[in-house]
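Tertiary structure, described
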Amino acid sequence: MFHRLPLFAALLLSLSLSYGAEKPRIVCFGDSITKRGYPEIMAKELGVEVINAGIAGHTSSQGLHRIKKDVLAHDPEIVVVFFGTNDIRVDSKKFVPLKKYRENLRMIAKACQKIGAQVVLCTLPPINGEVYFERHQKPDFDAHGGLTKLLKRYQDSVREVGEELKIPVVDLAIELPKQPKWMHKDGVHPSTQGNAIIADQITKVVQPFIRLR
(Lines give C-alpha, C1' and ligand atoms only; values in the text may rest on other atoms or scores of the structure.)
Protein backbone atom coordinates (compact mmCIF):
# COMPACT_ATOMS: atom_id res chain seq x y z
CA MET A 1 0.00 0.00 0.00
CA PHE A 2 1.29 3.49 -0.89
CA HIS A 3 2.03 5.71 2.10
CA ARG A 4 2.12 9.47 1.78
CA LEU A 5 5.08 11.35 3.22
CA PRO A 6 4.13 13.36 6.26
CA LEU A 7 3.70 17.02 5.37
CA PHE A 8 6.77 18.18 7.31
CA ALA A 9 8.93 15.53 5.60
CA ALA A 10 7.75 16.66 2.17
CA LEU A 11 8.59 20.24 3.08
CA LEU A 12 12.06 19.25 4.27
CA LEU A 13 12.66 17.35 1.04
CA SER A 14 11.55 20.34 -1.01
CA LEU A 15 13.82 22.69 0.93
CA SER A 16 16.82 20.39 0.70
CA LEU A 17 16.39 20.10 -3.06
CA SER A 18 16.01 23.85 -3.40
CA TYR A 19 19.06 24.75 -1.32
CA GLY A 20 21.12 21.88 -2.68
CA ALA A 21 20.92 23.17 -6.24
CA GLU A 22 24.01 25.16 -7.15
CA LYS A 23 23.64 28.57 -8.74
CA PRO A 24 24.78 28.85 -12.36
CA ARG A 25 28.36 30.09 -12.62
CA ILE A 26 29.43 32.77 -15.11
CA VAL A 27 33.04 33.73 -15.84
CA CYS A 28 33.66 37.18 -17.32
CA PHE A 29 36.95 36.88 -19.18
CA GLY A 30 38.77 39.99 -20.37
CA ASP A 31 40.99 42.97 -19.66
CA SER A 32 40.74 46.12 -17.51
CA ILE A 33 37.25 46.91 -18.79
CA THR A 34 36.10 43.64 -17.22
CA LYS A 35 38.31 44.12 -14.17
CA ARG A 36 36.64 47.48 -13.46
CA GLY A 37 33.56 45.78 -12.09
CA TYR A 38 30.66 45.10 -14.45
CA PRO A 39 30.69 41.37 -13.44
CA GLU A 40 29.88 42.25 -9.82
CA ILE A 41 26.87 44.25 -11.00
CA MET A 42 25.74 41.32 -13.16
CA ALA A 43 25.96 38.99 -10.16
CA LYS A 44 23.51 41.19 -8.24
CA GLU A 45 21.17 41.62 -11.20
CA LEU A 46 21.05 37.91 -12.05
CA GLY A 47 21.37 36.42 -8.58
CA VAL A 48 24.07 33.99 -9.74
CA GLU A 49 27.79 33.47 -9.15
CA VAL A 50 29.86 35.66 -11.46
CA ILE A 51 33.66 35.38 -11.47
CA ASN A 52 35.66 38.41 -12.57
CA ALA A 53 38.55 37.06 -14.68
CA GLY A 54 39.63 40.43 -16.05
CA ILE A 55 43.30 41.47 -15.92
CA ALA A 56 44.33 45.01 -16.80
CA GLY A 57 46.38 45.34 -19.95
CA HIS A 58 45.69 41.84 -21.22
CA THR A 59 45.16 40.90 -24.84
CA SER A 60 43.35 37.91 -26.33
CA SER A 61 46.72 36.15 -26.66
CA GLN A 62 47.40 36.55 -22.95
CA GLY A 63 43.85 35.43 -22.23
CA LEU A 64 44.38 32.26 -24.25
CA HIS A 65 47.46 31.44 -22.16
CA ARG A 66 45.55 31.70 -18.88
CA ILE A 67 42.19 30.25 -19.94
CA LYS A 68 42.72 26.88 -18.27
CA LYS A 69 43.42 28.38 -14.82
CA ASP A 70 41.15 31.43 -14.94
CA VAL A 71 38.15 30.04 -16.83
CA LEU A 72 37.99 26.29 -17.47
CA ALA A 73 39.03 25.36 -13.93
CA HIS A 74 35.86 27.05 -12.63
CA ASP A 75 33.65 24.79 -14.78
CA PRO A 76 31.33 27.67 -15.75
CA GLU A 77 27.95 27.35 -17.41
CA ILE A 78 28.48 30.64 -19.27
CA VAL A 79 31.64 32.52 -20.33
CA VAL A 80 31.59 36.17 -21.41
CA VAL A 81 34.64 36.89 -23.62
CA PHE A 82 35.62 40.55 -23.84
CA PHE A 83 39.08 41.27 -25.33
CA GLY A 84 40.33 43.65 -27.98
CA THR A 85 41.07 47.10 -26.58
CA ASN A 86 44.69 46.13 -25.90
CA ASP A 87 44.98 43.91 -28.99
CA ILE A 88 44.76 46.98 -31.25
CA ARG A 89 47.75 48.67 -29.52
CA VAL A 90 49.83 49.07 -32.68
CA ASP A 91 52.06 51.48 -30.73
CA SER A 92 53.31 48.74 -28.40
CA LYS A 93 54.48 45.13 -28.15
CA LYS A 94 50.96 44.21 -27.05
CA PHE A 95 49.65 44.51 -30.61
CA VAL A 96 47.83 41.38 -31.81
CA PRO A 97 47.36 41.34 -35.61
CA LEU A 98 43.79 40.99 -36.82
CA LYS A 99 44.18 37.42 -38.12
CA LYS A 100 45.71 36.31 -34.82
CA TYR A 101 43.01 38.12 -32.83
CA ARG A 102 40.29 36.32 -34.75
CA GLU A 103 41.99 32.96 -34.23
CA ASN A 104 42.44 33.65 -30.50
CA LEU A 105 38.71 34.31 -30.15
CA ARG A 106 37.92 31.08 -31.98
CA MET A 107 40.25 29.05 -29.77
CA ILE A 108 38.93 30.64 -26.56
CA ALA A 109 35.32 30.04 -27.61
CA LYS A 110 35.93 26.43 -28.68
CA ALA A 111 37.81 25.62 -25.45
CA CYS A 112 34.81 26.86 -23.46
CA GLN A 113 32.33 25.02 -25.66
CA LYS A 114 34.33 21.82 -25.20
CA ILE A 115 33.47 21.80 -21.48
CA GLY A 116 29.82 22.53 -22.26
CA ALA A 117 29.82 26.27 -21.51
CA GLN A 118 27.70 28.75 -23.42
CA VAL A 119 29.96 31.46 -24.86
CA VAL A 120 29.00 35.12 -25.30
CA LEU A 121 31.32 37.50 -27.17
CA CYS A 122 31.54 41.29 -26.74
CA THR A 123 32.70 43.73 -29.39
CA LEU A 124 35.34 46.33 -28.55
CA PRO A 125 33.73 49.49 -27.19
CA PRO A 126 34.30 52.91 -28.76
CA ILE A 127 37.45 54.93 -27.96
CA ASN A 128 37.68 58.72 -27.70
CA GLY A 129 40.67 59.37 -29.96
CA GLU A 130 41.18 62.95 -28.79
CA VAL A 131 41.90 61.80 -25.24
CA TYR A 132 43.45 58.46 -26.23
CA PHE A 133 46.21 60.09 -28.27
CA GLU A 134 47.35 62.17 -25.33
CA ARG A 135 49.14 58.99 -24.20
CA HIS A 136 49.37 56.89 -27.39
CA GLN A 137 51.25 57.43 -30.63
CA LYS A 138 48.76 58.59 -33.27
CA PRO A 139 51.16 58.15 -36.26
CA ASP A 140 51.40 54.42 -35.48
CA PHE A 141 47.62 54.12 -35.72
CA ASP A 142 47.50 56.29 -38.84
CA ALA A 143 49.91 53.84 -40.49
CA HIS A 144 47.21 51.17 -40.01
CA GLY A 145 44.41 53.28 -41.47
CA GLY A 146 43.58 55.26 -38.32
CA LEU A 147 42.00 54.38 -34.99
CA THR A 148 38.41 54.36 -36.28
CA LYS A 149 39.10 51.92 -39.10
CA LEU A 150 41.26 49.74 -36.88
CA LEU A 151 38.51 49.54 -34.26
CA LYS A 152 35.93 48.63 -36.90
CA ARG A 153 38.06 45.80 -38.29
CA TYR A 154 38.40 44.22 -34.85
CA GLN A 155 34.75 44.79 -34.01
CA ASP A 156 33.76 43.15 -37.29
CA SER A 157 36.02 40.19 -36.44
CA VAL A 158 34.09 39.57 -33.22
CA ARG A 159 30.83 39.57 -35.17
CA GLU A 160 32.29 37.21 -37.77
CA VAL A 161 33.48 34.71 -35.14
CA GLY A 162 30.08 34.90 -33.44
CA GLU A 163 28.31 34.15 -36.72
CA GLU A 164 30.76 31.41 -37.66
CA LEU A 165 30.47 29.57 -34.32
CA LYS A 166 26.77 30.38 -33.85
CA ILE A 167 27.31 32.18 -30.56
CA PRO A 168 25.70 35.46 -29.42
CA VAL A 169 27.51 38.78 -29.59
CA VAL A 170 26.90 41.74 -27.28
CA ASP A 171 27.49 44.56 -29.73
CA LEU A 172 28.80 47.26 -27.42
CA ALA A 173 30.26 49.09 -30.41
CA ILE A 174 26.69 49.89 -31.43
CA GLU A 175 24.98 50.14 -28.04
CA LEU A 176 27.41 52.25 -26.00
CA PRO A 177 27.46 55.34 -28.27
CA LYS A 178 23.73 55.65 -27.52
CA GLN A 179 24.66 56.31 -23.87
CA PRO A 180 27.71 58.64 -23.88
CA LYS A 181 27.92 58.69 -20.09
CA TRP A 182 29.24 55.13 -20.20
CA MET A 183 32.78 56.40 -20.87
CA HIS A 184 35.35 57.46 -18.29
CA LYS A 185 37.25 60.69 -18.87
CA ASP A 186 40.28 58.64 -20.03
CA GLY A 187 38.40 57.90 -23.27
CA VAL A 188 38.68 54.11 -23.00
CA HIS A 189 37.37 52.66 -19.76
CA PRO A 190 33.83 52.67 -18.39
CA SER A 191 32.76 55.20 -15.79
CA THR A 192 30.92 54.01 -12.69
CA GLN A 193 27.71 54.48 -14.63
CA GLY A 194 29.35 52.77 -17.59
CA ASN A 195 29.94 49.60 -15.59
CA ALA A 196 26.20 49.43 -14.93
CA ILE A 197 25.40 50.08 -18.60
CA ILE A 198 27.77 47.33 -19.79
CA ALA A 199 26.41 44.94 -17.16
CA ASP A 200 22.87 45.65 -18.36
CA GLN A 201 23.75 45.04 -22.02
CA ILE A 202 25.47 41.72 -21.26
CA THR A 203 22.74 40.63 -18.81
CA LYS A 204 20.10 40.96 -21.54
CA VAL A 205 21.97 38.43 -23.68
CA VAL A 206 23.02 36.10 -20.85
CA GLN A 207 19.71 35.89 -18.96
CA PRO A 208 17.88 33.57 -21.40
CA PHE A 209 20.67 31.00 -21.10
CA ILE A 210 20.37 31.02 -17.30
CA ARG A 211 16.64 30.34 -17.60
CA LEU A 212 17.29 27.44 -19.98
CA ARG A 213 19.71 25.89 -17.51
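Residues numbered from 1 in each chain as written. Predicted model: local features only at pLDDT ≥ 70, side-chain atom pairs only at ≥ 80, totals over all residues. Heavy atoms only, no water.

**Regarding the nonpolar core**
Among the nonpolar cores identified, the biggest contains 34 residues, and Phe29, Val81, Ile88 and Leu147 are the most heavily contacted of them. Broken down by secondary-structure element, the contributors of at least two residues to this core are strand S1 (25-30), strand S2 (49-54), strand S3 (78-82), helix H5 (98-114), strand S4 (118-122) and helix H8 (147-165). Of all the elements, H8 adds the most residues to this core, at 7 residues. Ignoring anything within four residues of it in the chain, the contact list for Leu147 reads Ile88, Ile127, Gly129, Tyr132, Phe133 and Phe141. Judged by nonpolar contacts, the second largest core, of 25 residues, contains Ile26, Cys122, Ile202 and Ile210. (Core = buried A, V, L, I, M, F, W, Y, C linked by side-chain atoms within 4.5 Å. Buried < 20%, exposed > 50% of the residue type's maximum accessible area, 1.4 Å probe, protein only. Helix = DSSP H or I, 4+ residues; strand = E, 2+ residues; numbered from the N terminus. Contact = heavy atoms within 4.5 Å.)

**Quick notes on the confidence of the model for the chain**
Taken residue by residue, the chain gives an average pLDDT of 90. The fraction at 70 or more is 88%. Of the regions scoring below 50 in pLDDT, residues 1-21 engages in 1 contact with residues more than four places distant in sequence or in other chains. (pLDDT = per-residue confidence, 0-100.)

**Description of the side chain of Asp186**
With respect to the helices, strands and loops of the structure, Asp186 is situated in the loop between helix H9 (172-175) and helix H10 (192-212). The buried category is assigned to Asp186, whose relative accessible area is 15%. Polar side-chain contacts of Asp186 include one of 2.6 Å to the side chain of His189. In contact with Asp186, not counting residues within four places along its chain, are Arg36, Val131 and Arg135. (Polar contact = N/O pair within 3.5 Å; in protein donor to acceptor, adjacent residues only side chain to side chain.)

**Considerations on the packing of aromatic side chains**
In this description, an aromatic ring pair is defined by two values, namely the gap between the centres and the angle between the planes. Counted under the stated rule, the structure contains 6 aromatic pairs. Between Tyr101 and Tyr154 the ring centres are 5.0 Å apart and the planes differ by 45°, which places this aromatic pair in the tilted class. Pair noted here: Tyr101 is in helix H5 and Tyr154 is in helix H8, with a separation of 53 residues, a long-range link. Take Tyr101 and Tyr154: they sit in the same class, and that class is buried. Relative to Phe141, the ring of Phe133 lies with its centre 5.4 Å away and its plane at 70°, an arrangement referred to as edge-to-face. (Phe/Tyr/Trp six-rings, centres within 6.5 Å; stacked < 30°, edge-to-face > 60°.)

**Let's talk about the environment of Ser191**
By the element assignment, Ser191 lies in the loop between H9 and H10. With relative accessibility at 15%, the residue Ser191 sits in the buried group. In the structure, Ser191 is positioned 10 residues away from Lys181 in sequence and 7.4 Å away in space, judged by C-alpha atoms.

**Observations concerning the environment of His58**
Residue placement: His58 occurs in the loop between S2 and helix H4 (60-70). In this structure His58 comes out as buried when scored by relative accessible area, which is 15%. Each C-alpha atom, one on His58 and one on Asp31, is 5.1 Å from the other, the two residues being 27 residues apart in sequence. His58 has contacts with Asp31, Arg66, Phe83 and Asn86, leaving out every residue within four places of it along the chain. Among the polar contacts made by the side chain of His58, one reaches the side chain of Arg66 at a distance of 2.9 Å.

**Some words on the pairing of S1**
In terms of burial, S1 is largely enclosed, as 6 of its 6 residues are buried. Because side chains alternate across S1, one face comprises the buried residues Arg25, Val27 and Phe29, and the other comprises Ile26, Cys28 and Gly30, equally buried. As paired strands, S1 and S3 are joined by 5 bridges and run parallel to one another. Bridging from a neighbouring strand, Ile26 pairs with Ile78 of S3. (Pairing = 2+ DSSP bridges.)

**Things to note about the packing of H5 against H8**
For the pair H5 and H8, interaxial distance at closest approach is 10 Å and the crossing angle is 35°. For the element pair H5 and H8, the recorded crossing hand is right-handed. Only Arg153, Tyr154, Ser157, Val158, Glu160, Val161, Glu164 and Leu165 of H8 make contact with H5, whose side of the interface consists of Leu98, Tyr101, Arg102, Leu105, Arg106, Ala109, Lys110 and Gln113. Class assignment for the residues of the contact of H5 with H8 results in 8 nonpolar, 2 polar and 6 charged. (Axes fitted to C-alpha atoms, helices over the stretch in contact; angles between N-to-C directions. Left-handed = near helix turned anticlockwise from the far one by under 90°. Nonpolar A, V, L, I, M, F, W, Y, C, P; charged D, E, K, R; others polar.)

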